[in-house]
Amino acid sequence: MFSNVYSSSEGLYPIFQENSLQQDLDAIYKYRDEKKYDVAIERLSDLIIESKRLNEYDYTFHGYNMLSVIYHEINDTVPSLAYAKSALEFAKLSKNDTLISWGYNNLAASLSTNPNTRKQALEYYKNSLEIQQELNSGVFLDAALNIAELYGKEENFVMMYPYLKKATESYDHSFNYHNDPLIYLNISWGDYYKALDIKAKALEYYAEAFKLIERDNMTPLALEFYERYAAYLNENNYSDKAFNVQQQYLKHYKIREKTLEKETVKLALARAETEELRRQRNEAEMQQQLLDQDLRRKKIQFILLGSILALLSLFLAYLFYSEKLRLGLINNLKRNNKNLLKAKNLAEKSERAKSKFFSTLSHEMRTPLYGVTGIISLLEKRSEFDAFKEEIGSLKFSADHLLDIINDLLDLSKLEDESFSLINKRFNIQLLAEDLVSSFDQNSLKSSECTLVCEIDSSVPEFVIGDARRVSQVLLNILGNAIKFTPKGKIVLRMRGEELEENKFKIYFEVQDDGIGIPRELQESIFDEFSQLEELQKTEAVSESKGTGLGLPIVKKLLQKMDSQITLKSSVGKGSTFLFDINFEKDLNPNSQQERTTKPSSLGISNLKGLRCLIVDDNKINRLVTKRVLENLGVITFEAQNGEEALERAKKHYFDFILMDINMPGMNGYETTQAIRIFDKLIPIIALTAAEATFIKKAAQHSGMNDIVTKPYNVDDLSSVISKHVQIRNLITSC
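Residues numbered from 1 in each chain as written. Predicted model: local features only at pLDDT ≥ 70, side-chain atom pairs only at ≥ 80, totals over all residues. Heavy atoms only, no water.

A.B. asks: Run through the nonpolar core, naming residues and quoting values.
C.D. replies: Soluble globular proteins tend to pack their nonpolar side chains together in the buried interior. Core analysis: the biggest nonpolar cluster contains 81 residues, and Leu164, Ile183, Leu185, Tyr192, Ile213, Phe225 and Tyr226 have the highest contact counts within it. Beyond its immediate stretch of four places on either side in the chain, tyrosine 192 contacts Phe157, Met160, Tyr161, Leu164, Glu671 and Gln674. Formed by 42 residues, the second largest nonpolar core is a distinct cluster that contains Ala482, Ile491, Ile526 and Phe527. (Core = buried A, V, L, I, M, F, W, Y, C linked by side-chain atoms within 4.5 Å. Buried < 20%, exposed > 50% of the residue type's maximum accessible area, 1.4 Å probe, protein only. Contact = heavy atoms within 4.5 Å.)

A.B. asks: Break down helix α22 (residues 715-734) for me, citing the residues and quoting the values.
C.D. replies: Residues lying three or four places apart along an α-helix face the same way, a consequence of the helix completing one turn every 3.6 residues. Given a rise of 1.5 Å per residue, 20 residues ought to cover 28 Å, and the 28 Å separating the end C-alpha atoms of α22 matches this to within 8%. Those residues of α22 not exposed but buried are Leu718, Ser719, Ser720, Val721, Ile722, Ser723, His725, Val726 and Arg729. (Helix = DSSP H or I, 4+ residues; strand = E, 2+ residues; numbered from the N terminus. Expected span 1.5 Å × (residues − 1).)

A.B. asks: Residue-level account of the packing of aromatic side chains, with values.
C.D. replies: Per the stated rule, a full pass over the model turns up 25 aromatic pairs. A ring pair is formed by tyrosine 161 and tryptophan 189, whose centres lie 6.0 Å apart and whose planes are at 75°; its orientation type is edge-to-face. On the criterion of sequence distance, the pair formed by tyrosine 161 in helix α8 (residues 157-169) and tryptophan 189 in helix α9 (residues 181-195) is long-range, its members being 28 residues apart. When sorted by exposure, tyrosine 161 lands in the same class as tryptophan 189, which is buried. Ring plane angle 5° and centroid distance 5.8 Å describe the contact between tyrosine 193 and tyrosine 205, whose orientation is recorded as stacked. With tyrosine 193 in helix α9 and tyrosine 205 in helix α10 (residues 199-216), this pair connects stretches of sequence that are 12 residues apart. The class of tyrosine 193 is buried, set by a relative accessible area of 7%. Looking at tyrosine 205, the relative accessible area reads 23%, which means it is partly exposed. Grouped by ring-pair contacts, the aromatic residues Tyr206, Phe210, Phe225, Tyr226, Tyr229 and Tyr232 constitute a single cluster. Across the ring face of phenylalanine 463, the terminal group of arginine 426 is positioned such that the distance to the ring centre comes to 3.9 Å. Across the ring face of tyrosine 508, the terminal group of arginine 496 is positioned such that the distance to the ring centre comes to 4.1 Å. (Phe/Tyr/Trp six-rings, centres within 6.5 Å; stacked < 30°, edge-to-face > 60°. Lys NZ or Arg CZ within 6 Å of the ring centre and 35° of its normal.)

A.B. asks: Residues and numbers for α9, please.
C.D. replies: Helix length check: α9 (15 residues) gives 21 Å between terminal C-alpha atoms against 21 Å at 1.5 Å per residue, within 8%. Of all 15 residues in α9, 12 are buried; the element is thus mostly enclosed. Looking only at α9, the buried set comprises Pro181, Leu182, Ile183, Tyr184, Leu185, Asn186, Ile187, Ser188, Trp189, Gly190, Tyr192 and Tyr193. Those residues of α9 that are buried are in contact with α7 (142-153), α8, α10, α11 (219-235) and α20 (669-679). Between the side-chain oxygen at the start of α9 and the backbone nitrogen of leucine 182 there is a gap of 3.0 Å, and the oxygen is on aspartate 180. (Polar contact = N/O pair within 3.5 Å; in protein donor to acceptor, adjacent residues only side chain to side chain.)

A.B. asks: Describe the pattern of salt bridges, listing the residues and the values that go with them.
C.D. replies: Pairing between side chains of opposite charge can happen when their charged atoms approach one another. Under the definition given, this model contains 20 salt bridges. For glutamate 34, the salt bridge identified is with lysine 36, shortest N-O distance 3.6 Å. A relative accessible area of 39% places lysine 36 in the partly exposed class. Measuring nitrogen to oxygen at the nearest pair gives 3.7 Å for the salt bridge that ties glutamate 639 to lysine 627. Highlighted residues: glutamate 639 in strand β9 (residues 636-640) and lysine 627 in helix α18 (residues 620-632), separated in sequence by 12 residues. Using a relative accessible area of 27% as the deciding quantity, one classes glutamate 639 as partly exposed. For lysine 627, a relative accessible area of 23% corresponds to the partly exposed category. (Salt bridge = Lys/Arg side-chain N within 4 Å of Asp/Glu carboxyl O.)

What follows is the structure in structure tokens.
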């Protein structure tokens, strides 16, 4: 915890008139700086007694406070805490607000080291800050910084932010601080942005703190901060900088060791002098006993010394022998560990780069795509563009196709993520298959000469327990691939079941087509990422059927997650058959009625009429599209082009809900939400983002957002989400 008491050369000691108490206090400071703790403690006792007699409680406060500091320095925390409490009592008796503020701050610092007393420490820090603000003396608000650091230890970064900002605003760059609080501010800001995973800002603040510590040669703070700074640099692949920080850490460590050696000698001398005084008072009675004890001690020491030397000789011989045997093994182990670590780091770096690439690709492609699809939807509803319906339809088809490509890339990325998991629920597998076939009939096969048939054997149960969404995704990709390469003919989806033991049921799936077929030499490669049947696609019938080459690789990876494999039987010109099977859990309630998954009841589009919405987005086109969509729903819209503007509007005006973009310059969506939550806990804040929801869900929830809608979105889904959270807010406020 940062504290400026007894460390700054300006404005920290009260200005008293020259008298004996002040002279004693000045002398005690020197004794303490020289580590003559025994003399300092004895003189402080006299100072406290005399100041109490004269009712000079300012001096009494300094006496007890200095005792607390001394016992803290010699690591005796119990009397240190007791004296800090006494110091606060006499600060209150002195009626000196500055001393009271110091008393609260220093007592809180003693309490904050124990997790069980941090709540009390936080209360005392806030008392100190309140007094500092009332004094309005222009000094640095060290209590605000201490509160921010304490919230940081508790990982409460929402509460950490306002106090850290308050402390920063009180810093005077023109003032020459002895113990520069800017160092602690930079470290705390770095910790804050590190917790929010804003790496660039965290590294920026850490680097500034490192520069200032080196400037002021602050060895204790360097030993506390440099190790974790170097570790964070390594995590972010700044190995050269990390090495430099580690070198500086070693430099300060050596300095500290030398200082500790000197301080230990001084402390030992101080204690020896105290013991000598005590010994002299009893020397007359104890002298003979001491001589006898000394003689016996020397005999024992001689025997022990001989034994120790003998044992030490044996140990050194054993150590020399064993070290030679182990040296070769240790060197080999180090070499192997180094190679393994290098390979591990390289693999992790590659995986992180790949995940970051897919996340960035998603956001960068979805953002302009949102503008395109949004404007197309608006134009579709305008009567003056009826003459261009065919062209607008082509644009919409192209945009939807581009969105499919993006989703394929993201699906492939998520399947390689260790956090991927299946969601098993009860569902009607027969209805799922029939709905898929019906969907293709109504869309993809409208103008096709191809027919799609679903044949479900009576052995297939109606309900099973499994991941319906992933089963649907597998079938969609396989059927879509079959339609793509079957210009004329018939495609059949067959399903049959087999009952297993231990409440399991296996369902066999078969997708057969009589399309162009796949050569044997290419049958394995079609399950590789970005694979295309280039030679077969040159035919006129399938010339427009190119895709990303990700459909079948996604199928393969999904089935592997379900402990299954896909096989292929195909001949050129005769068609192809894809086969796989999936184990499901039995439905233990086969006679229960069909469970229907319904969306939460919404207010409906008409019920959004008259609501006030703040749209926060740095992209002008995105704001335009969102504004037009909401205005069609009857919503009154207001705009903010960045987080700072949104924060000011939210403070001054009432809104029923806020649509918040995530990636914005300056204050991003997370930071803006955290700032709003400080003064408004209930307003619905919904993330409207082009980033993939899986990557931002946890961060959005942590920042205080209510929900996430991914662009491009379905208008009815957006309306439903808004209605749900407005209803919840209205229900809470009406209670």
